Amino acid sequence: MSSGIESSAPGWINSLMETLGAPGAGIAIALENLFPPLPSEVILPLAGFAASSGQMGLVAVLLWTTAGSVTGALALYGIGALLGRDRTVAIAARLPLLKVADIERTEAWFARHGAKAVFFGRMIPIFRSLISVPAGVERMSLPLFLTLTTLGSAIWNTVFVLAGHTLGERWEDVTGYVSAYSKAVVAAAVVAVLLFAAVRLLRPGAGSRRG
């Protein structure tokens, strides 16, 4: 990749793509799923730009980044499955402001909307990683989880890879829009948590402690 591109993206991303090509982009996306602060808004458009300059095939980039997304999501699903409901409830019982009743309501919500949450959650920064954990805790059907994750990830990845491919050397224009979107999502999540804490402090009832 050119020096201009290298100076605008984390070096480890460039190294992976330069060394491994499209599989390197897939590995980077798998790591981004496991560690949400990593910059998917950089990885995907950059991979698209690399494809536009002939350094890797566009179809290969789309396939490998989607495979990376599914691999990372599957690892988090496994963590949720290993954690299980009993451990989740035990942890909830020890956390301030959180009640077992909150876990039970979450379970009921996931039973009704889990499929939509997994599919659309793949297109929401931060939550695209986190949604895999409750899916594992609730033992969502693995074929269903993989299907929804693959479809949602393919849509998200394709949009940003193609944006980088189309913009070429101006691929970084994509990152500004995604960064603003990510900040809005995080801000909304922070507000929701603060509201939850405020309500719970104002109405600190004992709550359910059922196992």
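Residues numbered from 1 in each chain as written. Predicted model: local features only at pLDDT ≥ 70, side-chain atom pairs only at ≥ 80, totals over all residues. Heavy atoms only, no water.

Along the protein chain, the regular secondary structure elements total ten helices and zero strands. Mapped in sequence order, the helices and strands of the protein chain form the string α-α-α-α-α-α-α-α-α-α. Residue burial in the protein chain is summarised as follows: out of 211 residues, 43% are buried. Sequence separation of 24 or more characterises 76% of the internal contacts of the protein chain that already satisfy a separation of 6 or more. Of the roughly 10700 Å² that the protein chain leaves accessible, carbon and sulfur atoms contribute 71%. (Helix = DSSP H or I, 4+ residues; strand = E, 2+ residues; numbered from the N terminus. Buried < 20%, exposed > 50% of the residue type's maximum accessible area, 1.4 Å probe, protein only. Contact = heavy atoms within 4.5 Å. Areas by Shrake-Rupley, 256 points an atom, 1.4 Å probe, with all protein chains shown as cover.)

By size, the foremost hydrophobic cluster in this structure holds 33 residues, and its most contacted members are Met17, Met56, Val61, Val118, Ala135, Met140 and Phe145. Counting residues per element, the ones that place at least two in this core are α2 (11–20), α3 (22–34), α4 (40–52), α5 (58–94), α6 (100–121) and α9 (142–167). If near-sequence neighbours (up to four positions away) are discounted, Val61 is found in contact with Ala22, Ala47, Ala51, Met56 and Val161. (Core = buried A, V, L, I, M, F, W, Y, C linked by side-chain atoms within 4.5 Å.)

Turning to the packing of α4 against α9, a few remarks are in order. Relative orientation of the contacting elements α4 and α9 amounts to 50°, with a least axis distance of 6 Å. One element, α4, and the other, α9, form an angle in the oblique class. Considering only the axes of α4 and α9, their crossing is right-handed. On α9, the residues touching Ser40, Leu44, Pro45, Gly48, Phe49, Ala51 and Ser52 of α4 are Trp156, Asn157, Phe160, Val161, Gly164 and His165. Of the residues assigned to the contact of α4 with α9, the class counts are seven nonpolar, six polar and no charged. (Axes fitted to C-alpha atoms, helices over the stretch in contact; angles between N-to-C directions. Parallel < 35°, antiparallel > 145°, perpendicular 65-115°, else oblique. Left-handed = near helix turned anticlockwise from the far one by under 90°. Nonpolar A, V, L, I, M, F, W, Y, C, P; charged D, E, K, R; others polar.)

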